[in-house]
Amino acid sequence: MTEIRKEVHEEIDRMPEEQVEDLKKLLASYPTPLDAACRNAPVSDEAETEEEARLVAEADEWLRQNGGRGIPYEEIVRVFGLESAGHGSQDRLGQTGTIGHQDTFAARR
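Let us look at the structure shown here. Source: prediction; values computed, not measured.

A tally of helices and strands in the protein yields six helices and two strands. Starting at the N terminus and walking to the C terminus, you meet the elements of the protein as α-α-α-α-β-α-α-β. When each of the 109 residues of the protein is scored for burial, the buried share is 11%. Long-range contacts, defined here as pairs at least 24 residues apart, represent 51% of the contacts in the protein between residues at least 6 apart. Of the accessible surface of the protein, which amounts to about 9,200 Å², a share of 54% is contributed by carbon and sulfur atoms.

As structure tokens, then:
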């Protein structure tokens with residue numbers, strides 16, 4: 001462990017529990033490398049095909065019919081027989097069933 005990590009751990013150890021909870025939320029709000037890559041990714045210069053436009057319209061209609069909510073994480077895990085461990089979903093926000101900054105899986109353009 002680096003010296004700075006040791007110092008940060010010591011500071012956290014001295015904090016009241018409420019502040020530690022707030023710090024965890026703050027740290028979870030920091031962008032991940034994936035967030036940065038998506039934000040900095042170039043816009044596609046390829047025209048959207050008719051099929052892609054149709055699929056996006058279908059997804060938008062499905063979302064509209066479902067109150068604008070995607071499929072909950074737990075449902076994805078159940079349907080596909082996946083395990084929720086391994087990608088930090090619970091650790092990242094301290095909440096079960098959330099990924100990154102969203103509470104659902106939803107395909108959006």
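Quantified by volume, the second largest pocket comes out at close to 200 Å³. Among the secondary structure elements, those contributing two or more residues to the lining of the second largest pocket are helix H1 (3-14) and helix H2 (17-28). The class makeup of the residues in the lining of the second largest pocket is six nonpolar, one polar and two charged.

Tallying each qualifying case throughout the model produces four salt bridges. Between Glu11 and Arg14 there is a salt bridge, with its nearest N and O atoms 2.6 Å apart. Taken as a pair, Glu11 and Arg14 lie in helix H1 at a separation of three residues, close to a single helical turn. Residue classification places Glu11 among the partly exposed positions, given a relative accessible area of 46%. Of the charged contacts, one joins Glu58 and Arg54 as a salt bridge, the two residues approaching to 2.6 Å between their closest N and O atoms. Taken together, the positions of Glu58 and Arg54, both in helix H4 (residues 50-65) and four residues apart, correspond to about one turn of that helix.

About the thresholds
- Residues numbered from 1 in each chain as written.
- Predicted model: local features only at pLDDT ≥ 70, side-chain atom pairs only at ≥ 80, totals over all residues.
- Heavy atoms only, no water.
- Helix = DSSP H or I, 4+ residues; strand = E, 2+ residues; numbered from the N terminus.
- Buried < 20%, exposed > 50% of the residue type's maximum accessible area, 1.4 Å probe, protein only.
- Contact = heavy atoms within 4.5 Å.
- Areas by Shrake-Rupley, 256 points an atom, 1.4 Å probe, with all protein chains shown as cover.
- 1 Å grid on protein atoms, 1.4 Å probe; cavity = no way out; pocket = protein on both sides within 12 Å on 5 of 7 lines; lining within 4 Å.
- Points joined across faces, edges and corners; volume = space filled by probe spheres on them.
- Nonpolar A, V, L, I, M, F, W, Y, C, P; charged D, E, K, R; others polar.
- Salt bridge = Lys/Arg side-chain N within 4 Å of Asp/Glu carboxyl O.

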